[in-house]
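Observations on the three-dimensional arrangement
Residues per chain are reported as follows:
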Amino acid sequence: MPAHPTDDSLIEYPCQFPIKVMGANVEGFAQAMVEVVRTFDPQFDADRIERRESSGGKFLGVTLTVRATSRQQLDDLYRALTSHPMVKIVL
């Protein structure tokens, strides 16, 4: 068993790590996700967000590529995103 929880990670930190988030296609969704991400990656560049609407236009998927520095940071970011009221799913 690894001495530290990060020892079993296949990710080498620091790295650029894409996170996909889906929610209702409403005004402010992407900006709200940027605000969450910036609490974990203050240098996050919002201009690099990839957006994709669902075929019916009801949902919006955004890919946010963050600078991941540790497994703990990613775990905390995933928890913050999944608990956000505008978010339906995080991948």
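Quick note: structure is the one above.
Parameters at a glance
Residues numbered from 1 in each chain as written. Predicted model: local features only at pLDDT ≥ 70, side-chain atom pairs only at ≥ 80, totals over all residues. Heavy atoms only, no water. Buried < 20%, exposed > 50% of the residue type's maximum accessible area, 1.4 Å probe, protein only. Helix = DSSP H or I, 4+ residues; strand = E, 2+ residues; numbered from the N terminus. Contact = heavy atoms within 4.5 Å. Core = buried A, V, L, I, M, F, W, Y, C linked by side-chain atoms within 4.5 Å. 1 Å grid on protein atoms, 1.4 Å probe; cavity = no way out; pocket = protein on both sides within 12 Å on 5 of 7 lines; lining within 4 Å. Points joined across faces, edges and corners; volume = space filled by probe spheres on them. Nonpolar A, V, L, I, M, F, W, Y, C, P; charged D, E, K, R; others polar. Axes fitted to C-alpha atoms, helices over the stretch in contact; angles between N-to-C directions. Parallel < 35°, antiparallel > 145°, perpendicular 65-115°, else oblique. Left-handed = near helix turned anticlockwise from the far one by under 90°. Pairing = 2+ DSSP bridges.

This part takes up helix α1 (residues 29–38). When you tally the buried positions in α1, you get seven out of ten residues, the bulk of the element. Those residues of α1 that sit buried are Phe 29, Ala 30, Ala 32, Met 33, Val 34, Val 36 and Val 37. Buried residues along α1 sit against β1 (15–24), β2 (50–53), β3 (59–68), α2 (71–82) and β4 (87–90).

Let's shift gears to the environment of Gly 57. Positionally, Gly 57 belongs in the loop between β2 and β3. For Gly 57, a relative accessible area of 23% translates into the label partly exposed. With 31 residues separating them in the primary sequence, Gly 57 and Val 26 have C-alpha atoms 10.0 Å apart.

What follows covers the nonpolar core. Within soluble globular proteins, side chains that are nonpolar generally end up buried alongside one another. Judged by nonpolar contacts, the single largest core of 23 residues is most densely connected at Ile 19, Val 21, Met 33, Val 62, Leu 64, Val 66 and Leu 81. When contributions to this core are tallied by element, the ones reaching two or more residues are β1, α1, β3, α2 and β4. When residues in this core are grouped by element, the largest group, seven residues, is from α1. Apart from the residues lying within four places of it in its own chain, the contact partners of Leu 64 are Phe 17, Pro 18, Ile 19, Val 21, Met 33, Val 37, Phe 44 and Ile 49.

A few words on the layout of surface pockets. Space inside the largest pocket adds up to approximately 250 Å³. Considering the residues around the largest pocket, the lining is formed by 14 residues, among which Lys 20, Arg 52, Gly 61, Val 62 and Thr 63 are closest to the centre. Looking at which element gives the most residues to the lining of the largest pocket, the answer is β3, with five residues. Within the lining of the largest pocket, the residues separate by chemical class into six nonpolar, three polar and five charged.

To continue, consider the packing of α1 against α2. It is the contact of α1 with α2, at a shortest axis distance of 10 Å, that shows an interaxial angle of 150°. The angle between α1 and α2 places the two elements in the roughly antiparallel class. Judged by the twist between their axes, the crossing of α1 over α2 is right-handed. Two secondary-structure elements touch here, α1 through Met 33, Val 36 and Val 37 and α2 through Leu 77, Ala 80 and Leu 81.

Strand order across the open sheet formed by four strands is β2-β3-β1-β4, with antiparallel pairing between neighbours. Of all the strands in the sheet, the pair left with one neighbour each is β2 and β4. Pairs of neighbouring strands in the sheet enclose a mean axial angle of 25°, with direction left out of account. Alignment of β2 against β3, held across four bridges, turns out to be antiparallel. Opposite Glu 53, over in β3, you have Leu 60 as the bridge partner. Seen against the sheet, α1 touches β1, β2, β3 and β4 and runs at an angle of roughly 20° to β3.

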